[in-house]
Amino acid sequence: MTTRRATITSLGRFVPEKVLTNDELERMVETSNDWILERTGIQERHIAEKGVATSDLAVAAAREILARRGLEPDDIDVIIVGTVTPDTIFPSTACRVQDKLGASRAWGFDLSAACCGFLYALTTGAQLVASGAHERALVIGGDVMSSIINYQDRSTCILFGDGAGGVLLEASEDDEGGVIDFNNWVDGSGAQFLHMPGGGSLNPPTAETIRKRMHYVHQDGRQVFKFAVRQGAAASLELLKRNGYSSSDVSLLVAHQANQRIIDATAERLGLPPEKVIKNIQKFGNTTAGTIPLALWDAHEEGRLNKGDLVLLCAVGAGYTVGSCLIRWTGLRTA
Ligand SMILES: CC(C)(COP(=O)(O)OP(=O)(O)OC[C@H]1O[C@@H](n2cnc3c(N)ncnc32)[C@H](O)[C@@H]1OP(=O)(O)O)[C@@H](O)C(=O)NCCC(=O)NCCS
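Residues numbered from 1 in each chain as written. Predicted model: local features only at pLDDT ≥ 70, side-chain atom pairs only at ≥ 80, totals over all residues. Heavy atoms only, no water.

Chemist: Can you walk me through the overall build of the protein in this structure?
Modeler: Summing up its helical and strand segments, the protein has eleven helices and 14 strands in all. For the protein, the C-alpha radius of gyration of 19 Å lies close to 20 Å, the compact-globule estimate for 335 residues. Principal-axis analysis of the C-alpha atoms gives the protein an extent of 60 × 45 × 35 Å. A distance of 4 Å separates the average location of the 33 positive side-chain charges in the protein from that of its 40 negative side-chain charges. (Helix = DSSP H or I, 4+ residues; strand = E, 2+ residues; numbered from the N terminus. Rg over C-alpha atoms; globule rule 2.2 N^0.38 Å. Lys, Arg positive; Asp, Glu negative; His and termini not counted. Charge placed at Lys NZ, Arg CZ, Asp CG, Glu CD.)

What follows is the structure in structure tokens.
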């Protein structure tokens, strides 16, 4: 009996036009272009205009995904949006995407896993396709991080940007190709190190929570850094091993783009040379759930995703959430 697997058949992305450079940040907080470049690798990030929400970015990415594949919105069965900046707490961003896109047959939901949002959405969507429940899953990761960032806090405002990307999942036509396996886990004891304390049921928004700036991202960067370097590589090594692969089998590492030093350290732990690692953090910063699909998009444009390649995705984020996914690239299906 052959195994039905999900595979990525189309890609799309959207980043807002407006750019926030390190030079501009120098004028907003006590920082410097040199510090940001050296400590993070980020040169600039894109920022959405007021009134532009995560669903707007997601819909634009979805339109590219459908156009590339030559499909209509009605062809989609399910929409999963990984995000920590939904348009509203409810209804979900996925519902808004469904409506704006006109995907009349689709159900959908948001998936909250911070920087692992896309990876968890991808691995969830892959199960819906692999099981035969659905033929086409639209999986988007995107965030308007500028809506929850305090632009007076230099330790966070330099890191994040806005953007979304996504993929279409369909059944693979060959037995070997597609999403092979994934290794996701959480360590909820790390919640305190990266979180938005206000706005939910624990601390509903009041004048007091606003005054205390609890509606912004709070982070202990050093703790997150250490955890990310250790756990992203650990999840990936375990995943490779249990599938009978070693690092030398990997063609490309597509890691969450949080900090260039985290990506470099993860690649080093995995024994992967720079030419097997995609980096685009310099132009987008950390777009949270957006980074992996934005990096996949660039990798594809640069001709670094070829049929038969073993592609390793890896992310660590708030929660803590940890994830890793192995894909045998089958190539996109174009219109
Ligand atoms: C945030 C981060 C870039 C900070 O880099 P770091 O090398 O760990 O720096 P530290 O936090 O140790 O701070 C070093 C010094 O730089 C200062 N600093 C922090 N932000 C600064 C900035 N934007 N500009 C200049 N100086 C800054 C700190 O105040 C500190 O000064 P001190 O030594 O006088 O206290 C880094 O910790 C990081 O990337 N962490 C992971 C964050 C992340 O990826 N989050 C998303 C999760 S997926």
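Chemist: Please explain the pairing of strand E8 (residues 178-182) as it appears in this structure.
Modeler: Along any regular strand the residues' side chains alternate between the sheet's two faces. With respect to burial, E8 is a largely interior element, four of its five residues being buried. Taken together, the four bridges between E8 and strand E14 (residues 321-328) define a ladder with antiparallel strand orientation. Residue Gly 178 lies in a different strand from E14, and its bridge partner there is Arg 328. (Buried < 20%, exposed > 50% of the residue type's maximum accessible area, 1.4 Å probe, protein only. Pairing = 2+ DSSP bridges.)

Chemist: Could you clarify how one ought to interpret the sheet that holds strand E4 (residues 78-82) in this entry?
Modeler: Note: strands within a sheet are paired through backbone hydrogen bonds, in either parallel or antiparallel orientation. Here five strands make up an open sheet; going across it, the order is E1-E7-E6-E4-E5 and the pairing mixed. The strands lining the two open edges of the sheet, one partner per strand, are strand E1 (6-14) and strand E5 (107-111). The sheet shows a mean angle of 20 degrees between the axes of neighbouring strands, taken without regard to direction. As paired strands, E4 and E5 are joined by five bridges and run parallel to one another. Opposite Val 81, over in E5, you have Asp 110 as the bridge partner. In this fold helix H5 (residues 117-130) packs onto E1, E4, E5, strand E6 (137-144) and strand E7 (162-171), with an angle of close to 20 degrees to the strand it touches most, E7. (Axes fitted to C-alpha atoms, helices over the stretch in contact; angles between N-to-C directions. Contact = heavy atoms within 4.5 Å.)

Chemist: Even after reading the chapter, I still don't get the site of the ligand, so can you show me in this structure?
Modeler: Among the 23 residues in the neighbourhood of the ligand, the closest are listed as Thr 31, Arg 39, Gln 219, Arg 222 and Asn 259. In the model, an oxygen atom of the ligand is placed 2.5 Å from a nitrogen or oxygen of the Arg 39 side chain. Protein contact buries 75% of the 950 Å² of open area that the ligand shows by itself. Broken down by secondary-structure element, the contributors of at least two residues to the shell around the ligand are helix H2 (33-40), helix H6 (154-157), helix H8 (221-242), helix H9 (260-270) and strand E13 (310-317). Considering every element that reaches the shell around the ligand, the biggest residue donor is H8, with four residues. Among the residues making up the shell around the ligand, the classes are represented as nine nonpolar, nine polar and five charged. Here the shell around the ligand gathers at least three residues from each of two domains, domain 1 (6-171) and domain 2 (178-328). (Near = heavy atom within 4 Å. Polar contact = N/O pair within 3.5 Å; in protein donor to acceptor, adjacent residues only side chain to side chain. Areas by Shrake-Rupley, 256 points an atom, 1.4 Å probe, with all protein chains shown as cover. Nonpolar A, V, L, I, M, F, W, Y, C, P; charged D, E, K, R; others polar. Domains from an automatic or database assignment.)

Chemist: Would you mind going over the domain arrangement of the protein with me for this structure?
Modeler: How big an interface is tends to be stated in terms of accessible area lost as the parts join. Looking at the assigned domains, one finds that the protein contains domain 1 (6-171) and domain 2 (178-328). The C-alpha centroid of domain 2 is placed 14 Å from the C-alpha centroid of domain 1. Taken together, the contact pairs 54 residues of domain 1 with 49 residues of domain 2. For the domain 1 and domain 2 pair, buried surface summed over both sides reaches about 3900 Å², with 64% attributable to carbon and sulfur atoms. If you sort the residues of domain 1 by the area they bury against domain 2, Arg 13, Cys 115 and Leu 119 come out on top, with a joint share of 16%. Linking domain 1 with domain 2 are two salt bridges, by the criterion used here. Seen at the junction of domain 1 and domain 2, the total is 17 residue pairs in polar contact (both at pLDDT 80 or more). Only E1, H2, strand E3 (44-46), helix H3 (54-69), H5, E6, H6 and E7 provide two or more residues apiece to the side of domain 1 that touches domain 2. Grouping the amino acids of the side of domain 1 that touches domain 2 by side-chain chemistry returns 23 nonpolar, 21 polar and ten charged. (Buried area = accessible area lost by both parts, 1.4 Å probe. Salt bridge = Lys/Arg side-chain N within 4 Å of Asp/Glu carboxyl O.)

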